[in-house]
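In case you want the letters, here they are:
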Amino acid sequence: MQESSTKPYLIRALHEWCTDNGYTPYLVVTVDENTVVPPAHVHDGQITLNISHLATNRLTLGNDYIEFESRFNGAVEHLFIPVGAVSAVYARETGAGMGFEVVASRPYPGGGDAPEQPAPPAGPPPDDGPDAPKPSHLKVVK
């Protein structure tokens, strides 16, 4: 049996440590074809994200993927980040944290290939709320 990676456990632990100490946890992500983030905020192939409970909605720090909703320029965006694409987690206020090796990530599980940018036709189903044209979540209930 193959041993699971320690990376997702360390990400969750650092997120909890930051939160417990009143710090803001930031996530540095190397954007690849399987990463769904707002492309306008990607610089030099990376994006830095505030993953605090105040800045996110429906935050899931899973073993394979990190998913949440956040606002960018006032619009709600759904973000999907393969754990393999995470290059660091740190506290904004102190810089304390940990860097990680970036490894090949798996495709977007929302059906088909990961879109390079969230778009209603290729992304998750739209929300019925006031931001209906923007995707809101990836949960599919059957």
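Residues numbered from 1 in each chain as written. Predicted model: local features only at pLDDT ≥ 70, side-chain atom pairs only at ≥ 80, totals over all residues. Heavy atoms only, no water.

Draft legend 1. Representation of the nonpolar core within the structure. Within the largest apolar cluster, 19 residues are counted, with the highest numbers of intra-cluster contacts made by Ile11, Leu27, Leu49, Ile66, Ile81 and Val86. Of all the secondary-structure elements, those providing two or more residues to this core are helix H1 (7–20), strand S1 (25–30), strand S2 (46–50), strand S4 (65–72), strand S5 (75–82) and strand S6 (86–91). Of the residues forming this core, the biggest block, three residues, is contributed by S4. Dropping the residues within four chain positions of it, Leu27 is found in contact with Ile11, Ile47, Thr48, Leu49, Ile51, Ile66, Ile81, Val86, Ala88 and Val89. (Core = buried A, V, L, I, M, F, W, Y, C linked by side-chain atoms within 4.5 Å. Buried < 20%, exposed > 50% of the residue type's maximum accessible area, 1.4 Å probe, protein only. Helix = DSSP H or I, 4+ residues; strand = E, 2+ residues; numbered from the N terminus. Contact = heavy atoms within 4.5 Å.)

Draft legend 2. Representation of the environment of Val29. Among the secondary structure elements, Val29 is positioned in strand S1. On the accessibility criterion, Val29 (0% relative accessible area) is buried.

Draft legend 3. Just the packing of aromatic side chains, in detail. Tallied over the full model, the rule gives three aromatic pairs. The aromatic ring of Tyr9 is capped on one face by Arg12, whose charged end is 4.7 Å from the ring centroid. (Phe/Tyr/Trp six-rings, centres within 6.5 Å; stacked < 30°, edge-to-face > 60°. Lys NZ or Arg CZ within 6 Å of the ring centre and 35° of its normal.)

Draft legend 4. Spatial organisation of the side chain of Ser87. Tracing the backbone shows Ser87 in strand S6. The buried category is assigned to Ser87, whose relative accessible area is 13%. If we skip the residues at most four places from it in the chain, Ser87 touches Val28, Val29, Thr30, Gln46, Met98, Gly99, Phe100 and Val102.

Draft legend 5. A look at unusual backbone geometry. We note that Arg58 has phi near 60 degrees; this positive angle belongs to a residue other than glycine. Along the chain, Arg58 turns up in strand S3 (residues 57–61). We classify Arg58 as partly exposed; its relative accessible area is 44%. Even without being glycine, Asn73 reaches a positive phi, approximately 50 degrees. Locating Asn73 in the fold gives a position in the loop between S4 and S5. Note on Asn73: relative accessible area 72%, which makes it exposed.

Draft legend 6. Local environment of the pairing of S4. Here S4 lies mainly inside the structure; six of its eight residues are buried. Pairing between S3 and S4: three bridges, direction antiparallel. Residue Leu61 lies in a different strand from S4, and its bridge partner there is Ile66. Between S3 and S4, which pair antiparallel one after the other, the connecting turn spans three residues. When S4 meets S5, the two strands line up antiparallel, connected through eight bridges. (Pairing = 2+ DSSP bridges.)

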